[in-house]
Amino acid sequence: AQSVSQHNHHVILSEAASLELGCNYSYGGTVNLFWYVQYPGQHLQLLLKYFSGDPLVKGIKGFEAEFIKSKFSFNLRKPSVQWSDTAEYFCAVGGGTALIFGKGTTLSVSS
Amino acid sequence: NAGVTQTPKFQVLKTGQSMTLQCAQDMNHEYMSWYRQDPGMGLRLIHYSVGAGITDQGEVPNGYNVSRSTTEDFPLRLLSAAPSQTSVYFCASSWGQDQETQYFGPGTRLLVL
């Protein structure tokens, strides 16, 4: 069965700390991978996506993610977080017409 | 472009009542989807459509109906609301060749008493 697992339910960081959010997937076939972000009170926005090519993908607001096929992983990283990065982050995988989302990771950044 | 719009923003229903959540997009997207978001559960797909007149079930379709009579609109119907349907509902749309990059609406918060 297709599934997405996000390891961290809630991450608390101080400003300027580095961030890595884990995402593993189970999917039989070619996958497309996504990270979405939901800021408080807002709808989901696309952070970055991977379809093919360079496994290191850069997104908006300084975020990047690395696709490691052998580990079925697509971890999200940011070298230095800001208070404004406080949000919920969702990893998603697709191979057809709809996405499968992970349960989300809440990131709280203190100033 | 308004993008993906949803109405209402918030709704309270009594158990057994019916209602329709509206979703519209003005980007001429072929693909539209409905998700529900519950704490600790992420987003779960309810129904989706790959074009006008074509719909299919997602992960949690029970208790919901959809139709797609036009490209722009994709309403979600609750036939007989239950407390378990208390959730935040998001509509999303995407374009054919990049169908999985979905654009989300602002959501409808539904409370069923």
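Here is what the cut-offs are and how they apply
Residue numbering note: each chain is counted from 1, following its sequence as written. Throughout, the order in which chains and ligands are written sets their labels, letters from A for the former and numbers from 1 for the latter. At least 70 in pLDDT is required for a residue's local features to be given in this predicted model, at least 80 for side-chain atom pairs to be given and counted, and no such filter applies to totals for whole chains, interfaces and linings, which use all residues. Water and hydrogen atoms play no part in the side-chain values, which are based on all heavy atoms of the structure. Numbering goes from the N terminus for both helices and strands, where a helix is a DSSP run of H or I of at least four residues and a strand is a run of E of at least two. Under the scheme applied here, a residue whose accessible area is under 20% of the maximum for its type counts as buried, over 50% as exposed, and between as partly exposed, the area being computed with a 1.4 Å probe on protein chains only. Only heavy atoms enter the contact rule, under which two residues are in contact if any of them lie within 4.5 Å. All accessibility values rest on the Shrake-Rupley procedure with a 1.4 Å probe; residue burial counts only the protein chains present in the view. Positive charges come from Lys and Arg, negative ones from Asp and Glu, while His and the chain ends are left out of the count. Lys charges are placed at NZ, Arg charges at CZ, Asp charges at CG and Glu charges at CD. Strands are labelled as partners when DSSP assigns at least two bridges between them. In this description, a line fitted to the C-alpha atoms serves as the axis of each element, helices being fitted only across the stretch in contact, and the angle between N-to-C directions of two axes falls anywhere from 0 to 180 degrees. Here a polar contact means two N or O atoms within 3.5 Å. Within protein one must be a hydrogen donor candidate and the other an acceptor candidate, and residues neighboring in sequence count only if both atoms are side-chain atoms. Note on residue categories: nonpolar means Ala, Val, Leu, Ile, Met, Phe, Trp, Tyr, Cys or Pro, charged means Asp, Glu, Lys or Arg, and polar means any other residue, Gly included. Here, nonpolar core refers to any group of buried Ala, Val, Leu, Ile, Met, Phe, Trp, Tyr and Cys residues whose side-chain atoms link them within 4.5 Å.

Caption draft 1: Focus on the overall build of chain B. Of the regular secondary structure elements, chain B holds zero helices and eleven strands. Counting from the amino terminus, chain B carries its helices and strands in the arrangement β-β-β-β-β-β-β-β-β-β-β. Its C-alpha atoms put chain B at 40 × 30 × 25 Å along the principal axes. Here chain B, with 113 residues, has 50% of them falling under the buried criterion. Long-range pairs, those at least 24 residues apart, make up 54% of the contacts in chain B with a sequence separation of at least 6. Counting only carbon and sulfur atoms, one obtains 50% of the accessible surface of chain B, whose full area is about 5,200 Å². When the 7 basic and 9 acidic side-chain charges of chain B are each reduced to a single mean position, those positions are 15 Å apart.

Caption draft 2: Expanded view of the sheet that holds strand S1 (residues 4-7) of chain B. All names here are of chain B. Spatial ordering of the open sheet is given by S1-S3-S8-S7, a layout of four strands whose pairing is antiparallel. For this open sheet the edge positions go to S1 and strand S7 (64-66), each flanked by a neighbour on one side alone. Averaged over all pairs of adjacent strands, the angle between their axes in this sheet comes to 20°, without regard to strand direction. Of the pairings in the sheet, the one linking S1 to strand S3 (residues 19-25) comprises four bridges and is antiparallel in character. Its bridge partner lying in S3, Thr7 is registered against Gln22.

Caption draft 3: Representation of the interface of chain A and chain B in the model. In this assembly, 21 residues from chain A lie in contact with 19 residues from chain B. Put simply, chain A and chain B have four residue pairs in polar contact (both at pLDDT 80 or more) between them. Partitioning the side of chain A that touches chain B into residue classes produces nine nonpolar, nine polar and three charged.

Caption draft 4: Representation of the environment of Phe104 of chain B. For Phe104 of chain B, the position within the fold is in strand S10 (residues 98-104). Along the sequence, Phe104 of chain B and Asn1 of chain B sit 103 residues apart, while their C-alpha atoms lie 14 Å from each other. Apart from residues lying up to four places away in sequence, Phe104 of chain B is in contact with Tyr36, His43, Leu44 and Phe101 of chain A together with Val4, Tyr35, Leu43, Phe90, Cys91 and Ala92 of chain B.

Caption draft 5: Inspection of the nonpolar core at higher detail. With 29 residues, the main nonpolar core has Trp35, Leu48, Leu76 and Tyr89 of chain A as its most contacted residues. Per-element accounting of this core gives the leading share, four residues, to strand S10 (residues 87-94) of chain A. With sequence-adjacent residues up to four places away left out, Leu48 of chain A is seen in contact with Leu33, Phe34, Trp35, Val57, Lys58, Gly59, Phe63, Glu64, Ala65, Phe74 and Leu76 of chain A. The next biggest cluster of nonpolar side chains, apart from the first, holds 18 residues, and it includes Leu21, Trp34, Cys91 and Val112 of chain B.

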